[in-house]
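# A structural walkthrough
Residues per chain are reported as follows:
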Amino acid sequence: MKPGERSKLLRNLRQESRRFRLLVLVIGFFLVTLTFIVVTKPEAILFADVGKKLSSNEATTSIVIEDTTSVQRLDEIPRVDNPVVDASVRDNNEGIEVKGENEDNSPTKIQRNVAIQTKEEEKIQLQNTIGPDQFGNNNGNEGSEEKSEDKKEEVKHKVTLPTVSNYTISDSIDTKSDESTNTEVTLQTNEQTQPTLQAKSSTKPLCDFSNFRANVCDMEGDIVIHPNSSSIFFKEPAGSTRDEQWKIRPYPRKGDEFCLSHTSELTVKSTQTPPQCTQYHDVPAIVFSVTGYTGNLFHDFTDVMVPLFTTANQFNGEVKFLISDMMIWWVRKYHRVLEALSNYPVIDFHNDNEVHCFKHVIVGLHAYMEFTIDSKLAPKNYSMVDFNAFMRRAYGLKRDSVTILGEQPSKKPRLLIISRKRTRTFLNLNEIVEMAKDIGYEVVVNEADVSSRISQMAEVVNSCDVMMGVHGAGLTNCVFLPRNGTLIQIVPWGALDWISRIDFGDPSTQMGLHYMHYSISIEESSLLEQYPRDHEIFRNPVAFHKNGFDFVRRTFMDNQNVKLDVKRFRSVLLEALDHLTP
């Protein structure tokens, strides 16, 4: 072979070698990619259907499955309002059933709407508190403490977060799949989601499930309430194609599965053939429940009293109350509030055999943040100042505002000390009383325990200018303070300032009261008798919150008392006196 031909052959072999290596790399990359797809997402490889055209029914089913998967993935994201608790939110029991033949609510559209709304609501649902009672002792209650203890035993595996809407945390995620057919769509959703209903008529949906804390159905028209079937029917006019069905538990603790498990579920539905009425009413009706966490003073107000005022006060007494799961003792305890809001006797929803007809019915109560009213959203822009004034009127209290120092020279400013019997007690109460008297206060001590009559307690609180106490349900009595009064909340050791401000700090400020926040020092805590001074419970109390609120409650609430440093606290009481000066 000639030298020139040999060099040419070598060049050709080198080129062929490069092409072969490139081909091997391409094939290898393809095989790796194919293997990854098969392993991670086998449903993407539809070998059996390659080249096959799907029918319309098959195409719809395929889309529904895909969208349902996206909804479930959103539900599977753990919603933890407090970063120190590692748990997952369980779907609510309540669902929505939407039917329609001619409406634009196909499976694809409805499920996509659910996914979008779920994602948006995750951004706004930041907090939802448990009240002071759920840390332990229930001072300020009128209900049974045995019932509370039984509940604690039932839910050892659950923790209720002290954030604004009481989600129940569970170790497992309970998701519900959607079912669909060509003629009917049944949508089971968490209460956080609301389907988009696009009927041909311009009417709004019967219910609004968009609020993070409470679901409300506000209906005007021909409404039939049938207590025996736990149903409320909205009569549709002839020719209407709307066919809605909603499930609602009318107690404003949306997302709190344990709480709502004690509340009866009601059905709100549209129909052209409702049951025959036996009683006709010419005033509106409000349907709500008083089970859940009621029996604790704080929850009586944050879950029922404040939402009921917000919802009912607009009717100036011309409204009837239908109470689901009614407890006679509770109705008797708060009869003055109920009578101030309604001119009519209450109707025991589940022990009534009549079929009632109304022109306007509200199922559920408007509720917002804990123990507060959102004036921008509330009917007639009601505020906590309005609620504070209403409570004084309901109990016939004499003082609308505090007494300014000097107006009555012979009268001393009155200080009310809310004491506790079992937990978070003042260990040096007598010393505190003597120091307050030296400053110039007339001191009143009240235990505000479960035997306290609400009317008597209201008169005592209203007669005082300043009220102080350790964080707990008894501080709820601040609703009876006169305008410009002062609430002093003493916060136990344990990084509990944020929940204390949510429960009582923000609400009292919105009532028009002066709020003072006093966090005790290590030396003022009885925990110093249980742990060495260099223990982590003192160095980093926030770290203990990761153990869950049951642990926090036992450690910082149930097993802690307070011994105020009277020298340090003296300046707080002096500042409260400044609030009484012109």
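Residues numbered from 1 in each chain as written. Predicted model: local features only at pLDDT ≥ 70, side-chain atom pairs only at ≥ 80, totals over all residues. Heavy atoms only, no water.

### Thoughts on the overall build of the protein
We apply this condition: By the criteria applied, helices consist of DSSP H or I runs no shorter than four residues and strands consist of E runs no shorter than two, each listed in order from the N terminus. For every residue, the accessible area obtained with a 1.4 Å probe (protein chains only) is divided by the maximum for its type, and the residue is called buried under 20%, exposed over 50%, and partly exposed between those limits. Two residues form a contact once any of their heavy atoms are found within 4.5 Å. A 1.4 Å probe and the Shrake-Rupley method give the accessible areas. Residues count as covered only by the protein chains that appear here.
Within the protein, the regular secondary structure consists of 15 helices and 21 strands. Counting across all 582 residues of the protein, residues that qualify as buried make up 54%. In the protein, once contacts between residues fewer than 6 apart in sequence are set aside, the share between residues at least 24 apart is 79%. For the protein, the exposed surface amounts to about 27,000 Å²; the carbon and sulfur share of it is 51%.

### Observations concerning the state of the cysteines
The cut-off we apply is this: A pair of cysteine sulfur atoms is labelled a disulfide when the two atoms are within 2.5 Å.
A complete count under the given rule lists two disulfides for this structure. Put simply, Cys 207 and Cys 217 are joined by a disulfide, and their sulfur atoms are 1.9 Å apart. A torsion of 100° about the S-S bond marks the disulfide between Cys 207 and Cys 217 as right-handed. Here Cys 207, found in strand 7 (residues 207–208), pairs with Cys 217, found in strand 8 (residues 216–226); they are ten residues apart in sequence, far enough to count as distant. With its sulfur 1.4 Å from that of its partner, Cys 277 forms a disulfide with Cys 357. With Cys 277 in the loop between strand 11 (266–271) and strand 12 (279–280) and Cys 357 in strand 16 (residues 356–363), the pair connects residues that are 80 residues apart, well separated along the chain. Looking at Cys 277, the relative accessible area reads 14%, which means it is buried. Bonded cysteines in the protein are paired 1-2, 3-4 when counted in the order they occur along the chain.

### Considerations on the pairing of strand 19 (residues 466–470)
We apply this condition: Strand pairing requires that DSSP identify at least two bridges connecting the strands.
Of all five residues in strand 19, five are buried; the element is thus mostly enclosed. Covered by surrounding structure in strand 19 are Val 466, Met 468 and Val 470 together with Met 467 and Gly 469, the residues of both alternating faces. Where strand 19 and strand 20 (residues 486–491) come together, five bridges link them in parallel fashion. From the neighbouring strand, Met 467 faces strand 20, where its bridge partner is Leu 487.

### Overview of a positive patch on the surface
Where we set the bar: Patch membership requires over 30% relative accessible area and the absence of a salt bridge. Like charges are linked within 9 Å, and nonpolar side chains (Val, Leu, Ile, Met, Phe, Trp, Tyr) within 5 Å. We define a salt bridge as a side-chain nitrogen of Lys or Arg found within 4 Å of a carboxyl oxygen belonging to Asp or Glu. His is not counted here, nor are the chain ends, while Lys and Arg score as positive and Asp and Glu score as negative. Every charge is mapped onto a representative atom, which is NZ of Lys, CZ of Arg, CG of Asp or CD of Glu.
Among the surface-exposed residues, Lys 8, Arg 11, Arg 14, Arg 18 and Arg 21 lie close enough to one another that they form a single positively charged patch. With respect to the helices and strands, Arg 11 occurs in helix 1 (residues 3–40). What makes Arg 11 partly exposed here is its relative accessible area of 45%.

### Concerning unusual backbone geometry
Although it is not a glycine, Asp 325 adopts a positive phi angle of roughly 55°. Located in the positive-phi region is Lys 380, a residue other than glycine, with phi close to 55°. Residue placement: Lys 380 occurs in the loop between strand 16 and helix 9 (384–394).

### A word on the sheet that holds strand 17 (residues 414–418)
For the record, the criterion: Every axis in this analysis is a line fitted to C-alpha atoms, fitted for helices over the stretch in contact. Angles between the N-to-C directions lie between 0 and 180 degrees.
Across the sheet, five strands lie side by side as 18-17-19-20-21; this open sheet has parallel pairing. Each end of this open sheet is capped by a strand with a single partner; those strands are strand 18 (442–446) and strand 21 (514–519). Neighbour-to-neighbour, the strand axes of this sheet turn through a mean angle of 20°, independent of strand direction. Direction of pairing for strand 17 relative to strand 19: parallel, over a ladder of four bridges. Bridge pairing in strand 19 links Leu 415 to Val 466. Running at roughly 135° to strand 17, helix 11 (residues 454–462) makes contact with strand 17, strand 18 and strand 19 of the sheet. Strands in contact with helix 15 (residues 566–578) are strand 17, strand 19, strand 20 and strand 21; relative to strand 21, the strand with the most contacts, it is inclined by about 175°.

### Here we look at the pairing of strand 16
In terms of residue burial, strand 16 counts as a mostly covered element, since seven of its eight residues are buried. Looking at chain direction, strand 8 and strand 16 are connected through seven bridges and run antiparallel. The residue bridging Val 224 from the neighbouring strand is Cys 357, located in strand 16. The pairing of strand 12 with strand 16 spans two bridges and is classified as parallel.

### Considerations on the side chain of Thr 476
Relative to the helices and strands, Thr 476 resides in the loop between strand 19 and strand 20. Not counting the four nearest positions on each side in its chain, Thr 476 is found in contact with Leu 297, Phe 298, Phe 301, Phe 371 and Phe 504.

### Quick notes on the packing of aromatic side chains
Both the distance between ring centres and the angle between the ring planes are used here to describe each pair of aromatic rings. To be explicit about the condition: Each aromatic pair joins two rings of Phe, Tyr and Trp (for Trp, the six-membered one) with centres within 6.5 Å, and gets the label stacked for planes under 30 degrees apart, edge-to-face for over 60, and tilted for any other angle.
Considering all chains together, one arrives at 18 aromatic pairs under this definition. Between Phe 298 and Phe 371, the aromatic rings sit 5.8 Å apart at their centres with planes inclined by 75°, giving edge-to-face as the arrangement. Of this pair, Phe 298 sits in helix 6 (residues 297–312) while Phe 371 sits in the loop between strand 16 and helix 9; the two residues are 73 residues apart in sequence, bridging distant segments of the chain. According to the relative accessible area criterion, Phe 371 is buried, its value standing at 0%.

### Description of the packing of helix 6 against helix 9
For the record, the criterion: Roughly parallel covers angles under 35 degrees, roughly antiparallel covers those over 145, roughly perpendicular covers 65 to 115, and oblique covers all other angles. Ten residue types, Ala, Val, Leu, Ile, Met, Phe, Trp, Tyr, Cys and Pro, are classed as nonpolar, four, Asp, Glu, Lys and Arg, as charged, and the remainder, Gly among them, as polar.
At a minimum axis distance of 10 Å, the contact between helix 6 and helix 9 shows a crossing angle of 95°. Classified by the interaxial angle, the pair formed by helix 6 and helix 9 is roughly perpendicular. Contacts between helix 6 and helix 9 involve Phe 301, Met 305, Val 306 and Phe 309 on the former and, on the latter, Met 384, Asp 386, Phe 387, Phe 390 and Met 391. Split by residue class, the contact of helix 6 with helix 9 holds eight nonpolar, no polar and one charged.

### Quick word on the confidence of the model for the protein
Detailed reading of predicted coordinates is not advised where the pLDDT is low. Basically, it comes down to this: Per-residue confidence from the prediction method is given by pLDDT, with values spanning 0 to 100.
Of the residues in the protein, 70% have a pLDDT of 70 or more, and the chain-wide mean is 77. Per-residue pLDDT stays below 50 along residues 43–130; that stretch engages in 192 contacts with residues further than four places along the chain or on separate chains. Confidence drops under pLDDT 50 across residues 133–202; counting only partners more than four residues distant or on other chains, this segment forms 235 contacts.

### Describing helix 6
Short version of the rule: The seven residues ending at a residue and the seven starting there each receive a fitted axis; the angle between those axes is the bend at that residue. Think of a polar contact as two N or O atoms within 3.5 Å of one another; within protein, one of them needs to be a possible hydrogen donor and the other a possible acceptor, and neighboring residues in sequence only count if both atoms come from side chains.
Largest kink in helix 6: about 30°, centred on Met 305, with the proline Pro 307 one to four residues after it. Buried residues dominate helix 6, accounting for 16 of its 16 residues. At the N-terminal end of helix 6, a side-chain oxygen is found 2.9 Å from the backbone nitrogen of Phe 298, two or three residues along, and the residue is Asn 296.

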